[in-house]
Amino acid sequence: MLVNLRTHRIVCSFVTAAIMTAIISFTLTVVNSGLHAFSYHTWFRSWIIAFLLVFTVSFFLPKFVHRHVSKIVRIKE
């Protein structure tokens, strides 16, 4: 499957955000409520909120960080 760079970037951000937020929200839900009181509804709700935030940030943050770090640090050639 051939895609342009922008589409590739969006798909990578989407997949990374989905995996990371699922793991972290699941872990925090289990730790906070305990394994015996775990609720998929609570986990799914927290995952949706986390995913929306992380996907948005993971799409825009790398460009911002790269631009500002490049002003401070030079790459050795």
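Summarised in this report is the structure supplied together with it.

Rules of the game
- Residues numbered from 1 in each chain as written.
- Predicted model: local features only at pLDDT ≥ 70, side-chain atom pairs only at ≥ 80, totals over all residues.
- Heavy atoms only, no water.
- Helix = DSSP H or I, 4+ residues; strand = E, 2+ residues; numbered from the N terminus.
- Expected span 1.5 Å × (residues − 1).
- Bend = angle between axes of the 7 residues up to and from the residue.
- Buried < 20%, exposed > 50% of the residue type's maximum accessible area, 1.4 Å probe, protein only.
- Contact = heavy atoms within 4.5 Å.
- Patch = residues over 30% accessible without salt bridge, like charges linked within 9 Å, V, L, I, M, F, W, Y side chains within 5 Å.
- Areas by Shrake-Rupley, 256 points an atom, 1.4 Å probe, with all protein chains shown as cover.
- Salt bridge = Lys/Arg side-chain N within 4 Å of Asp/Glu carboxyl O.
- Phe/Tyr/Trp six-rings, centres within 6.5 Å; stacked < 30°, edge-to-face > 60°.
- Lys, Arg positive; Asp, Glu negative; His and termini not counted.
- Charge placed at Lys NZ, Arg CZ, Asp CG, Glu CD.
- Axes fitted to C-alpha atoms, helices over the stretch in contact; angles between N-to-C directions.
- Parallel < 35°, antiparallel > 145°, perpendicular 65-115°, else oblique.
- Left-handed = near helix turned anticlockwise from the far one by under 90°.
- Nonpolar A, V, L, I, M, F, W, Y, C, P; charged D, E, K, R; others polar.

1. Focus on helix α2 (residues 40-72)
Then, number 1: The end-to-end C-alpha distance of α2, which contains 33 residues, comes to 45 Å, matching closely the 48 Å that a straight helix rising 1.5 Å per residue would cover.
Then, number 2: In the structure, α2 departs most strongly from a straight axis at L61, where the bend amounts to approximately 35° and where the proline P62 lies between one and four residues downstream.
Then, number 3: Listed as buried for α2 are W43, W47, F51 and F59.
Then, number 4: Next to the buried residues of α2 lie α1 (5-33).

2. Regarding a nonpolar patch on the surface
Then, number 1: On the surface, V11, F14, V15, I19, M20, I23, I24 and L28 cluster together to form a nonpolar patch covering roughly 740 Å² of accessible area.
Then, number 2: Looking at the element boundaries, M20 is found in helix α1.
Then, number 3: A residue is classified by how much of its surface remains accessible, and M20, at 44% relative accessible area, is partly exposed.

3. Looking at the packing of aromatic side chains
Then, number 1: Enumeration over the complete set of coordinates arrives at eight aromatic pairs.
Then, number 2: Ring geometry for F14 and F51: centres 5.2 Å apart, planes at 85°, overall edge-to-face. Taken as a pair, F14 in helix α1 and F51 in helix α2 lie far apart in primary sequence, 37 residues in all.
Then, number 3: Residue F14 is classed as partly exposed on the basis of its relative accessible area of 44%.
Then, number 4: For F51, a relative accessible area of 10% gives the class buried.
Then, number 5: Three or more aromatic residues joined by ring pairs make a cluster, and in this case those are F14, F44, W47, F51 and F55.

4. Quick look at a positive patch on the surface
Then, number 1: Residues R6, K63, R67 and K71 make up a contiguous surface patch of positive charge.
Then, number 2: Its location among the elements puts K71 in helix α2.
Then, number 3: The class for K71 is exposed, based on a relative accessible area of 58%.

5. What to know about the packing of α1 against α2
Then, number 1: Packing of α1 against α2 brings their axes to within 8 Å, and their N-to-C directions diverge by 140°. One finds that α1 runs oblique with respect to α2. Both α1 and α2 take part in a crossing whose hand is right-handed. On α2, the residues that touch R6, R9, I10, S13, F14, A17, A18, T21, A22, S25, F26 and T29 of α1 are T42, W43, S46, W47, A50, F51, V54, F55, S58, F59 and K63.
Then, number 2: Of the residues that constitute the contact of α1 with α2, the class distribution is 13 nonpolar, seven polar and three charged.

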